[in-house]
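Below, each chain spelled out in residue letters.
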Amino acid sequence: MTSGPAEVLPISSDAPEPELVERAAALLRTGKLVAIPTETVYGLGCNALDAAAVQRVFDAKERPSSDPLIAHVDGPAMLVSVAATPVPESARVLMDAFWPGPLTVVIPRHPDLPDAVTSGLPDVAVRCPAHPVAAAIISAAGVPVAAPSANRFSRVSPTSAAHVLTDLADRIEMVVDSGRSVHGLESTVVAFDAGGAIVLRHGAIPLEAIQELVPARALGGDADADRVKASPGHDERHYSPRTATLAVVPGVLADASAEQLAALARTGVRYAGYSNRAPELPDGWDFESLGSIDRIETVAHDLYDALRRMDRPDVDLIILELTGADGLGRAIDDRLARAASSVVALSPGELSDRLG
Ligand code: TXA
Ligand code: MG
């Protein structure tokens, strides 16, 4: 706990002011917790080499110690302070292509890294953010910065300084405010085995872009059951609103008969779908547009803000329509399904059962 609410420090995202960057960096160097803007979401940063500071991050988020953090670096020179060298070849190829940027690689760790960062695992997750403010702060701090998303555990990730304050204001020393996050979805987390790359978490870099460079597959299927179990961060409930939430496959209401729609009528239901395929809703339901499927980057950018906005006392139930799209759609659908604790209705009949 801290002695008061976090200081909010605005820093220009295009031209970060060096003296402001240094203030944030100095706090990080002395073991303090500083929420920083990245191009994906806001991260809750601390000095990755300071075990006590890392422990405070877990406490502030109420995150289980079994769920490891991403170490953020400013480039290859800092990478060697958190990872073992040489880096596996497939990881090297992807880092060359996507760093700085929203790609996190899971690779063998450096022996001196505090165990808490990796939850004792032999591998560390590493990312080199492209956001000018994140990059400047890490460089000025001169140490790798361990940073999970700056939300309370299992809640929706923050894409603005205001979101961070809602969750963590009394628990951290500073929030650097550089406006809305660019992507609005977390980085893509990739591990490696003899067969190439395995996407552990879909994110801002689509699977298809990775497959252009190295053999790659998404974690899933029977062959991966053991790996899913051993993989941290695979709780079904995650990115969750407090309001009861369920997900539906695309077009589920378009298939509903007039009788089925009438039977679903009630108030307090918020149906989040897409402006270019808005369905006919049962009486009393309100529509919330997540944007147009034809502009999927914008859907991603605004997604977490929409989830937070819908999560209000006068809303009894949130229904989230999956995109059914590939590319970024996979990451969006992953987050929507988890927001609904993986409760996905596949037909109008199933939907009424869930509501009943
Ligand atoms: O975009 C992002 O990745 C943001 C920004 C702040 O960089 N960070 C972020 O961190 O989303 P977090 O902690 O919310 O999610 C990190 C994910 C978790 O699912 C965690 O389980 C996984 O990465 N992870 C971390 N270290 C790992 C490891 N050694 N092996 C496997 N998965 C790991
Ligand atoms: Mg997170």
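That block above? That's the structure.
Residues numbered from 1 in each chain as written. Chains lettered and ligands numbered in written order. Predicted model: local features only at pLDDT ≥ 70, side-chain atom pairs only at ≥ 80, totals over all residues. Heavy atoms only, no water.

(A) Representation of the site of ligand 1 within the structure. The immediate surroundings of ligand 1 are formed by 23 residues, with T40, R63, D67, H72 and S187 found nearest. Between ligand 1 and the protein, one listed contact pairs an oxygen atom with a side-chain N or O atom of T40 at 2.6 Å. At 2.9 Å from an oxygen atom of ligand 1 is found a side-chain nitrogen or oxygen belonging to R201. Out of a free accessible area of 680 Å², ligand 1 has 95% covered by protein chains. Elements supplying a minimum of two residues to the shell around ligand 1: β4 (70-72), β6 (123-127) and β10 (196-201). The greatest single-element share of the shell around ligand 1, amounting to three residues, is contributed by β6. Tallied by class, the residues present in the shell around ligand 1 amount to 11 nonpolar, six polar and six charged. (Near = heavy atom within 4 Å. Polar contact = N/O pair within 3.5 Å; in protein donor to acceptor, adjacent residues only side chain to side chain. Areas by Shrake-Rupley, 256 points an atom, 1.4 Å probe, with all protein chains shown as cover. Helix = DSSP H or I, 4+ residues; strand = E, 2+ residues; numbered from the N terminus. Nonpolar A, V, L, I, M, F, W, Y, C, P; charged D, E, K, R; others polar.)

(B) Up close: the sheet that holds strand β16 (residues 344-345). The strand order across the open sheet formed by five strands is β14-β13-β15-β12-β16, and the pairing between neighbours is parallel. Both outer strands of the open sheet, β14 (286-289) and β16, are each paired with one neighbouring strand and no more. The pairing of strand β13 (residues 269-273) with strand β15 (residues 317-321) spans four bridges and is classified as parallel. Following the sheet pairing, V269 is matched in β15 by L317. Sheet contacts for helix α11 (residues 296-310): β13, β14 and β15; angle to β15, the most-contacted strand, approximately 160 degrees. Along the sheet face, helix α12 (residues 328-339) touches β12 (244-248), β15 and β16 and points at about 155 degrees away from the line of β15. (Pairing = 2+ DSSP bridges. Contact = heavy atoms within 4.5 Å. Axes fitted to C-alpha atoms, helices over the stretch in contact; angles between N-to-C directions.)

(C) Summary view of the environment of E212. Positionally, E212 belongs in the loop between α8 (207-211) and β11 (216-218). When its relative accessible area of 68% is taken as the criterion, E212 is described as exposed. Between the alpha carbons of E212 and P16 there is a distance of 34 Å; along the sequence they are 196 residues apart. (Buried < 20%, exposed > 50% of the residue type's maximum accessible area, 1.4 Å probe, protein only.)

(D) View of helix α7 (residues 161-168). Of all the residues in α7, the buried ones are A161, H163, V164, D167 and L168. Down the axis of α7, the buried side of the element spans an arc of 155 degrees, and every buried residue falls inside it. Buried residues in α7 make contact with β2 (34-36), β3 (43-47), α2 (51-61), β8 (174-177) and α11. (Arc of directions from axis to C-beta.)

(E) Representation of α12 in the model. Taking 1.5 Å per residue, 12 residues should reach 16 Å; α12 reaches 17 Å between its end C-alpha atoms and fits that length. Looking at the buried residues of α12, the elements they touch are β10, β12, α11, β15 and β16. Just beyond α12, the residue with positive phi is S341, at close to 50 degrees. (Expected span 1.5 Å × (residues − 1).)

(F) Spatial organisation of the sheet that holds β8. Overall, mixed pairing links the 11 strands, which are arranged β1-β8-β2-β3-β7-β4-β6-β5-β9-β10-β11 in an open sheet. Every interior strand has two partners, whereas the edge strands, β1 (7-10) and β11, have only one. Where strand β5 (residues 103-108) meets β6, five bridges bridge the pair, whose relative direction is antiparallel. Considered in β6, the bridge of P108 is made with D123. This element, α7, spans β1, β2, β3 and β8 of the sheet and lies at about 165 degrees to β8.

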